Amino acid sequence: MARRALRLATFNVNGIGSRLPHLLQWLARERPDIVCLQELKAVHTAFPRAALEDAGYGALWQGQSSWNGVAILARDSEPVEARNALPGERSDTQARYLEAAVHGIIVACIYLPNGNPQPGPKFAYKLAWFERLIRHARSLHDCGHPVALAGDFNVVPTDEDIYDPKHWRRDALLQPESRAAWFRLLDQGWVDALRAKHPKQRIYTFWDYFRDHWKRNAGLRIDHILLNPELAPRLRKAGVDSWVRDLPKASDHAPTWVALAR
């Protein structure tokens, strides 16, 4: 019997407290082996560790009150922490990065800053954070082990990754500087897994709460999984569990996933 592929996913839950039932429903139905979560919006002590353990998942997390917060889950296993912050700026206390060894893969969970409004200090912080990520990603890319960068990158790579770019031209997600940083990251040799498996398809991971964007499938692709050369040959499938976005009071993101040969 063929072994089940290893399923790695990323999901911006937009508040783990209010959306824990959605998360647990998704975990039970899709059974991902590795999960990166963003935007926990919960202090460290409020993370629902017991509920996730009951669901069969070990966890690492970095909480933060009101905003941010990231976590890595492992089915029937415990992630081994490598880093709980992105290197390069000790004064940065925002909980946006977590790195661990999980099921034989080094996984970096990323919640890149949104950057709005731009121009301004939030956009400057986004670009500075991106530069730090690019520097650290080089060392991960070259480490000789299978590595995945997974998370909410808050970048729409091209106009093919958004339903209608003209209404978003001033948004930080589409700025030339944001896109240039994205492609400098990819130029290190990372494979954009979702685009690799769906090269010509309009495929989205985020639909905001305004103007019936979900009902009209007016979405953006901002949640990404990047694979280094040691891991990319194992890529078999990639997709978006859009049914989660259709749940009552859902997150505005849907889980994005890859299936990897073991």
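Provided above is the structure to which this section pertains.
Residues numbered from 1 in each chain as written. Predicted model: local features only at pLDDT ≥ 70, side-chain atom pairs only at ≥ 80, totals over all residues. Heavy atoms only, no water.

**A few points about the nonpolar core**
Threshold: We call a set of buried residues a nonpolar core when its members are Ala, Val, Leu, Ile, Met, Phe, Trp, Tyr or Cys and they connect through side-chain atoms within 4.5 Å of each other. Three labels apply to residues, based on accessible area from a 1.4 Å probe with only protein chains included: buried if under 20% of the type maximum, exposed if over 50%, partly exposed otherwise in between. Going along the chain from the N terminus, every DSSP run of H or I of four or more residues is numbered as a helix, and every run of E of two or more is numbered as a strand. A contact between two residues is defined here by any heavy atoms of the two lying within 4.5 Å.
L8, I105, L227, V258 and L260 are the most contacted members of the largest nonpolar core, which has 32 residues in total. Among the elements that take part in this core, strand β7 (residues 105–111) stands out by supplying four residues, more than any other. In this view, V258 contacts L6, R7, L8, A193, I225, L235, K237 and A238; residues no more than four positions away in its chain are not counted. Core analysis: the second largest hydrophobic core is formed by 25 residues, L27, L37, L52 and L247 among them.

**Observations regarding the sheet that holds strand β2 (residues 34–38)**
One key point about sheets: their strands pair by backbone hydrogen bonds, in either a parallel or an antiparallel sense. Short version of the rule: Strands qualify as paired when DSSP identifies two bridges or more between them. Interaxial angles span 0 to 180 degrees and are taken between N-to-C directions of axes, which are lines fitted to C-alpha atoms, for helices over the stretch in contact.
Across the sheet, six strands lie side by side as β3-β4-β2-β1-β12-β11; this open sheet has mixed pairing. Looking at which strands have only one partner, the edges of the open sheet turn out to be β3 (57–62) and β11 (235–240). The average angle at which neighbouring strand axes cross in this sheet is 15°, direction not considered. Relative to strand β12 (residues 256–260), β11 runs antiparallel, the two being bridged by five bridges. Bridging from a neighbouring strand, K237 pairs with A259 of β12. Along the sheet, helix α1 (residues 20–30) contacts β1 (6–12), β2, β3 and β4 (70–75); its crossing angle with β1, the most-contacted strand, is approximately 165°.

**Quick notes on unusual backbone geometry**
Negative phi characterises most residues that are not glycine, and trans characterises most peptide bonds. With omega at -5°, the peptide bond leading from N116 into P117 counts as cis. Within the secondary structure layout, P117 lies in the loop between β7 and α3 (121–141). Here the bond from Q118 into P119 is cis, since omega is 0°, no more than 30 degrees from zero. Note that P119 resides in the loop between β7 and α3. Within the chain, N68 stands out as a residue other than glycine whose phi angle is a positive 60°. Tracing the backbone shows N68 in the loop between β3 and β4. Of the residues examined, N68 reaches a relative accessible area of 7% and is grouped as buried. One non-glycine residue, N154, lies in the positive phi region at around 50°. With respect to the helices, strands and loops of the structure, N154 is situated in the loop between β8 (147–152) and α4 (176–186).

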